[in-house]
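These are the residues of each chain, in order.
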Amino acid sequence: MKKTRILHGQDNIKKRTINDFHIIQNRLDNCTDSTGPYVIDTPLWNEFLELKKKGIKLRLITEITKDNIGYSKKIVKVFETRHLDEVKGNFGIADGREYGGGASITKGEPPIEFIRSNVKAFVDQQQFFFETLWNKAIPAEQRIREIDEGIEPIKTKILENREEIYRYFVKSIEKSNQLYICSSIGGL
């Protein structure tokens, strides 16, 4: 039967999630904010390890930060993991047929409300959204190396107005001990 429902209460959500893990057959895709890697300190971690042992493909998009890097280094041993800046919310899709999501969680705790759906059109939409984010995210190993080595990530940004351009250059000059500029004469 196709339906969408809301689960309430952390214990209820945790119990239902663990039960549902046992019916996953091929793949579990997850997208979590920066609190996601703290799952290692919860009973759910053992469930993820069991899924991995059964050969289930586990993919995770999360925000890897200086605060969660130790956890993230452990996560990449179990999940194929990618980093995306400023991820908001948490959701997962099991076998492309079941969606679950919660707006926010506390480190290592399930949400207090959780949306579940097996309505095909909705699940397909969420799977497409996950794939879009997956393609935009960078490999976790790259982000971990950036943090470990103190490398500023490469960013491309289009500055659109004079004030924004001016603030960017002032900030860059203040941070730098060297400055190289390539510009037309009018640009200086």
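Residues numbered from 1 in each chain as written. Predicted model: local features only at pLDDT ≥ 70, side-chain atom pairs only at ≥ 80, totals over all residues. Heavy atoms only, no water.

Asks: Help me understand the nonpolar core, please; the structure alone is not making it clear to me.
Replies: General note: in soluble globular proteins, nonpolar side chains tend to be found buried as a group. Counting 17 residues, the largest nonpolar core has Leu28, Trp45, Phe48, Leu51 and Phe79 as its most contacted members. Residue assignment for this core shows that the elements contributing at least two residues are helix H1 (10-21), helix H2 (44-53) and strand S3 (57-62). Ranked by residues supplied to this core, first place goes to H2 with four residues. Look past the residues within four positions of Phe79 in its chain and what remains in contact with it is Asn30, Trp45, Phe48, Leu58, Arg59 and Leu60. In terms of nonpolar packing, the next biggest core, distinct from the first, is built from twelve residues, Cys31, Ile93, Val123 and Trp134 among them. (Core = buried A, V, L, I, M, F, W, Y, C linked by side-chain atoms within 4.5 Å. Buried < 20%, exposed > 50% of the residue type's maximum accessible area, 1.4 Å probe, protein only. Helix = DSSP H or I, 4+ residues; strand = E, 2+ residues; numbered from the N terminus. Contact = heavy atoms within 4.5 Å.)

Asks: Quick question: what am I supposed to make of the pattern of salt bridges here?
Replies: Think of it this way: side chains of opposite charge can pair up when their charged atoms draw near. With the rule as written, the count across this model stands at twelve salt bridges. The salt bridge involving Arg5 is made with Glu98; its shortest N-O contact spans 3.9 Å. Placement of the pair is Arg5 in strand S1 (residues 4-8) and Glu98 in strand S6 (residues 98-102), with a sequence separation of 93 residues. The pair Arg5 / Glu98 is uniform in exposure class, with both members buried. A cluster of three or more residues bridged by salt bridges with shared partners is formed by Arg5, Asp20, Glu98 and Arg116. (Salt bridge = Lys/Arg side-chain N within 4 Å of Asp/Glu carboxyl O.)

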